[in-house]
Amino acid sequence: MKKIGFFLGCNIPFNRPDVEYSARYLLNELGYEIVELEGATCCPAFGTMPSLDLVGWAAASAWNLTIAEEKGVDIVTGCGSCYGSLNEARHHMEKHPEVKEQVNKILSKVGKEYKGTVKVWNFINFLYEDVGLEKLKSKIKHNLNGLKCAVQTGCHNLWPSKAYPTNEDNTFFPTRLREICEAMGGVAPHYSTITDCCGMGALRSTASEKSLNLFKKKLDVIKEEIDPDITVMGCSSCLLQFDAGQALLVEQKKLNYKIPALHIVQLAAIAMGADPEKATVLASIPLNGVITKIKGGN
Amino acid sequence: MEEGGVNVIDLTQADESFVKELEALGADELRECIQCGKCGATCPMALAGLEFFIKRIVHAANLGLRDILLEDSSVWGCQSCNRCVEICPMDVKPYELIQAIRRAAMKVESCPANTYEGLRNLYRFGHAVYPKGYEERRKKAGLPEKPPTAISYDELRKKYQEILRNTILEEIAPFPLD
Ligand code: SF4
Ligand code: SF4
Ligand code: SF4
Ligand code: SF4
């Protein structure tokens with residue numbers, strides 16, 4: 001049985017544990033043994049250690065990477081920022097041996113050593129490459145039945161491409177998440193603002209209204225160009241914006257429509273037979289229509 | 001601190017030593033910038049309407065405009081998305097400049113209050129984001145109340161804290177590291 005270390009981060013286990021439930025269900029269905037990364041921490045988030053200095057950032061990330069190294073597994077994460085922070089730290093240490101050396105000096109105080117042998121996946125690339133679309137297809141119990149999906153890959157899953165071990169052929173024209181949705185029986189057209197930022201993150205904390213306006217611009221384009229049944233995320237932070245952020249826009253009367261939002265692991269888990277209630281229990285935008293459509297597809 | 005506070009560039013404020021400080025803090029290709037504007041054209045901060053967006057920040061940094069850069073809040077609105085790094089024809093790595101400015105600002109305690117909140121949470125719990133009521137949410141999703149992260153393992157969390165105490169956080173944190 002193939003093993004994989006599941007890196008939780010913060011937003012998934014604390015804000016959207018239904019995504020954690022779904023990821024666990026999905027990995028089990030796909031035949032992976034989930035290796036718990038006991039004692040893992042925040043990646044760390046870009047506004048924390050990375051904004052203090054490079055060695056501190058790399059040391060904090062290396063703490064997480066060594067947990068996987070010690071267990072001899074690679075890592076998968078559902079959060080784009082975790083994917084970015086861990087991979088960028090790994091990349092900096094690879095490029096600057098003196099940083100790695102300083103990090104190892106710090107780690108040695110708690111009896112650890114960072115070697116640099118771990119690969120960090122996000123779920124998009126993991127499903128696309130490690131699992132593969134054919135295998136994914138073979139595990140589907142409820143075909144998506146033509147469900148129209150607008151995908152949101154998320155910036156951190158794409159850039160800086162030099163830090164990532166695998167990526168889209170053209171990061172400004174991402175297709176992998178679309179192909180995954182289509183492999184499960186959905187329809188996932190391209191749209192003109194597909195790579196635009198959703199505004200969640202530092203922008204949302206620093207300039208909340210501007211962040212939500214930016215997000216609304218993107219949603220309006222999605223609505224106008226493809227009018228999807230659902231939006232599908234490759235990143236848990238994007239999910240917070242597309243779900244709770246969208247609900248906030250509706251509440252503020254700035255939006256007069258609602259499009260349900262799911263993380264790709266939620267959609268895939270449901271397609272593989274997960275209990276839709278548990279898999280989406282914390283969604284703010286109601287999903288009812290979507291689940292009926294998927295269930296009718298078998 | 002306010003956003004978009006830079007409309008007039010005052011060259012008498014130019015300070016070469018600040019350019020060097022930023023280079024040392026990670027913006028080592030800063031001087032390669034040709035002000036082509038590609039970074040600004042792809043930056044979500046610009047799209048969202050923050051006035052002091054990345055092209056202007058690179059410009060101000062090259063002039064060494066310390067006060068403007070340390071006081072303006074725009075650098076804290078950066079999404080760390082790395083579009084600018086991807087697209088810059090001169091490999092200036094504008095995002096690494098943003099981090100350098102933040103690093104300089106942290107040293108003189110010129111950052112938004114929520115930055116400290118994230119750092120304090122990171123140190124205390126091992127999680128920058130540590131929202132109340134998560135046990136209830138986890139139960140709803142059929143999961144154990146606590147995830148198997150540092151929050152569940154006191155000994156491991158203490159080791160992580162020891163690592164953080166051996167970083168620059170020890171000098172900078174305006175809260176006790178105990
Ligand atoms: S990026 Fe966000 S969710 Fe991921 S570990 Fe860091 S703070 Fe937590
Ligand atoms: S949450 Fe927004 S900023 Fe973060 S990856 Fe998603 S689109 Fe980019
Ligand atoms: S893209 Fe690069 S060269 Fe062009 S303005 Fe931005 S930093 Fe300067
Ligand atoms: S990393 Fe920051 S400065 Fe660069 S494009 Fe993204 S938001 Fe703009």
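Analysis parameters
- Residues numbered from 1 in each chain as written.
- Chains lettered and ligands numbered in written order.
- Predicted model: local features only at pLDDT ≥ 70, side-chain atom pairs only at ≥ 80, totals over all residues.
- Heavy atoms only, no water.
- Helix = DSSP H or I, 4+ residues; strand = E, 2+ residues; numbered from the N terminus.
- Rg over C-alpha atoms; globule rule 2.2 N^0.38 Å.
- Buried < 20%, exposed > 50% of the residue type's maximum accessible area, 1.4 Å probe, protein only.
- Contact = heavy atoms within 4.5 Å.
- Near = heavy atom within 4 Å.
- Nonpolar A, V, L, I, M, F, W, Y, C, P; charged D, E, K, R; others polar.
- Domains from an automatic or database assignment.

Section: the overall build of chain A
Within chain A, the regular secondary structure consists of 13 helices and seven strands. The globule rule puts the C-alpha radius of gyration for 298 residues at 19 Å, and the 19 Å found for chain A is close to it. Principal-axis analysis of the C-alpha atoms places the extent of chain A at approximately 55 × 45 × 35 Å. Taking all 298 residues of chain A together, 64% fall into the buried category. Pairs at least 24 residues apart make up 79% of the contacts formed inside chain A by residues separated by at least 6 positions.

Thoughts on the site of ligand 2
Lining the immediate surroundings of ligand 2 are Gln152(A), Gly154(A), Cys155(A), His156(A), Cys197(A), Cys198(A), Gly199(A), Met200(A), Cys235(A), Ser237(A), Cys238(A) and Gln79(B). Mapping the residues near ligand 2 onto chains gives chains A and B. Looking at the shell around ligand 2 residue by residue, the classes come out as six nonpolar, six polar and no charged.

Remarks on the domain arrangement of chain B
As assigned here, chain B comprises domain 1 (11–107) and domain 2 (113–172). When each unit is reduced to the centre of its C-alpha atoms, the spacing between domain 1 of chain B and domain 2 of chain B is 30 Å.

What about unusual backbone geometry?
Residue and element names in this part refer to chain A. In this chain, Cys43 is followed by Pro44 through a cis amide linkage whose omega measures 10°. Residue placement: Pro44 occurs in the loop between strand E2 (32–36) and helix H3 (54–71). Cis geometry marks the peptide bond from Trp159 to Pro160; its omega dihedral reads 0°. Mapped onto the elements, Pro160 comes out in the loop between strand E5 (149–152) and helix H7 (176–183). In this structure, Asp227 is a non-glycine residue whose phi angle is positive, near 40°. Mapped onto the elements, Asp227 comes out in the loop between helix H9 (208–225) and strand E6 (230–233). For Asp227, a relative accessible area of 43% translates into the label partly exposed.

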